[in-house]
Every structure is written in C-alpha cells, then in structure tokens.
Amino acid sequence: MAVRFDTPAHEEGFRVIEDYLVALGFRYRRASDHPLFSIPFKDDVVVHLFVRTWGDDDAVVLLRSWIVRGPALEIPLLRLLLERNHSQRLGMLAIDGDGDVLVQHALGVNALDQLELDDAIQSVALASLRLRTDILERFGGEAF
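What comes next concerns the included structure. Sequence order as written defines residue numbering, which begins from 1 separately in each chain. Whole-chain, interface and lining totals are the exception, using all residues; otherwise, since this is a predicted model, local features are given only for residues with pLDDT of at least 70 and side-chain atom pairs are given and counted only at 80 or more. Calculation of side-chain values draws on the structure's entire complement of heavy atoms; hydrogens and water are dropped beforehand.

### Structural notes on the overall build of the protein chain
Tallying secondary structure elements over the protein chain gives three helices and seven strands in all. Labels follow the DSSP assignment, with helices taken as runs of H or I lasting at least four residues and strands as runs of E lasting at least two, numbered in each case from the N terminus. When the helices and strands of the protein chain are placed in sequence order, the string is α-β-β-β-β-α-β-β-α-β. Based on the C-alpha atoms only, the size of the protein chain along its principal axes is roughly 45 × 30 × 30 Å. Contacts between residues were defined by any pair of non-hydrogen atoms, one from each residue, lying within 4.5 Å. Of the contacts made within the protein chain by residues no fewer than 6 positions apart, 59% connect residues no fewer than 24 positions apart.

In structure tokens form, the structure reads like this:
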C-alpha cells in the first residue's frame, strides 16, 4: 500500500523531510503506508517523524520517541513530567493513551530548514536517553 497524503502541501512536506534526512546523513526507515520515518539511535532509542497535514497549505512534522512503557502513573511521576516540560529547551514529555511516556516536539514544515530539523532530532534523542534512565530508576516500567 502506498503512502496516502491529505493535501499537496502534506505530500510536499513529506518530500522535504525526506530530502533533509538524506542531506543530513541520517540512516532512517520509511514506512510503506504512512507518512512516517524512524531513525534509530544508540541504546535502542528511536525517533519517529510523523508528517501530518496542517491546514490546506502546510504540514507539521511531529518528532516522537517513546521511552518508558507502563510506569506507575502516580503524582510524583506526573509532577516530574510537568516540571521537566517547563525546563526543557526543546521537546516536551507526554503520556500516550496506553500510559507510556514519550518525548515529543513539533515543527512546521514551510519555514523549516535542515539545521533546525537536525537540532530537533538530536535533542529529542538525547532527552529520551537521559529521561528514560531517570524514570525507570525512580518509577519503574519497561524501556522501549
């Protein structure tokens, strides 16, 4: 099945992101049926880039890295996530519908340049690696 795009800007945004990944020298996997790229890093950290529609004339790339599966979702962990969101330079922490913790960041594609994308990918990967260890040690769960 081929990748399906919602608008011409969505498809163009996908192409721009792939061109940047190639130019930056990232080794990535491209999903065959979704506008998604996955970039593996050391210690099993993976940054996923979801390219989504943003209105009729732009796209957004959502960078996400799942870091801990099934931690105890109690006040101390939730407080840590909120406090870290306030102090992080780039990206934010979130909990998905399954209760798993992830680092994510969003960028508009129209005004995006290669260096901004590179910085965002590297920052999400580094934050994921650092935070995963801290959360696992303090709150349990399982590493992705």
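Now, onward.
### Considerations on the pattern of salt bridges
When charged atoms on two side chains of opposite charge get close, those side chains can pair. Basic side-chain nitrogens of Lys or Arg form a salt bridge, by our definition, when they fall within 4 Å of a carboxyl oxygen of Asp or Glu. Scanning all chains against the criterion turns up six salt bridges. For the salt bridge of E18 with R30, the shortest nitrogen-to-oxygen distance reads 3.0 Å. Here the residue E18 occupies a position in helix α1 (residues 8-24), and R30 occupies one in strand β1 (residues 29-30), the gap between them amounting to 12 residues. Three labels apply to residues, based on accessible area from a 1.4 Å probe with only protein chains included: buried if under 20% of the type maximum, exposed if over 50%, partly exposed otherwise in between. Taking the relative accessible area as the measure of exposure, E18 reaches 14% and is therefore buried.

### Details of the pairing of strand β3 (residues 46-53)
Only strands that DSSP links by at least two bridges are regarded as paired with each other. Pairing of strand β2 (residues 36-40) with β3 involves five bridges; the strand directions are antiparallel. Pairing of I39 across the sheet is with V47, part of β3. If you look at the hairpin formed by β2 and β3, you'll find five residues sitting between the two strands, and D43 has a positive phi there, around 55 degrees. Note: β3 against strand β4 (residues 59-69), six bridges, orientation antiparallel. The residue of β4 that forms the bridge with V51 is V61.

### Digging into the packing of α1 against helix α3 (residues 114-139)
For helices, the axis comes from a line fit to the C-alpha atoms of the stretch in contact; other axes are also lines fit to C-alpha atoms, and the angle between any two N-to-C directions lies between 0 and 180 degrees. Two elements in contact, α1 and α3, have axes separated by 10 Å at closest approach and are oriented at 80 degrees. By the angle class used here, α1 and α3 are roughly perpendicular. Contacts from I17, Y20, L21, A23 and L24 in α1 reach Q114, L117, D118 and I121 in α3. Note on residue categories: nonpolar means Ala, Val, Leu, Ile, Met, Phe, Trp, Tyr, Cys or Pro, charged means Asp, Glu, Lys or Arg, and polar means any other residue, Gly included. Among the residues forming the contact of α1 with α3, the class breakdown is seven nonpolar, one polar and one charged. To sort the angles, those under 35 degrees are grouped as roughly parallel, those over 145 as roughly antiparallel, those from 65 to 115 as roughly perpendicular, and the leftovers as oblique.

### Some details on the environment of L81
Take L81: it is sitting in helix α2 (residues 75-87). Residues L81 and I135, spaced 54 residues apart in sequence, show a C-alpha to C-alpha distance of 9.5 Å. Ignoring any residue separated from it by four or fewer positions in sequence, one finds L81 in contact with L93, I95, V101 and I135.

### Thoughts on a nonpolar patch on the surface
Together, L73, L78 and I95 make up a nonpolar patch on the protein surface, roughly 210 Å² of accessible area in all. Along the chain, L73 falls in the loop between β4 and α2. Using a relative accessible area of 40% as the deciding quantity, one classes L73 as partly exposed. What goes into a patch is any residue over 30% in relative accessible area without a salt bridge, connected to like charges within 9 Å or, for nonpolar side chains (Val, Leu, Ile, Met, Phe, Trp, Tyr), within 5 Å. All accessible areas in this document rest on Shrake-Rupley with a 1.4 Å probe, and a residue is counted as covered only by the protein chains that are shown.

### Observations concerning the nonpolar core
Take the buried Ala, Val, Leu, Ile, Met, Phe, Trp, Tyr and Cys residues and link them wherever side-chain atoms come within 4.5 Å; each set so joined is a nonpolar core. Membership of the largest hydrophobic core comes to 37 residues, with the highest contact counts inside it found for I17, L21, L49, V61, L63, L117 and I135. Put simply, the parts of the chain that give this core at least two residues each are α1, β2, β3, β4, α2, β6 (101-108) and α3. At nine residues, α3 tops the list of elements feeding residues into this core. Those residues in contact with I135 that lie beyond four places of it in its chain are I67, V68, L77, L80, L81, V101 and G140. Within the second largest apolar cluster, five residues are counted, among which are A31, L36, V60 and L62.

Interpretation in functional terms is not warranted from these geometric data alone.
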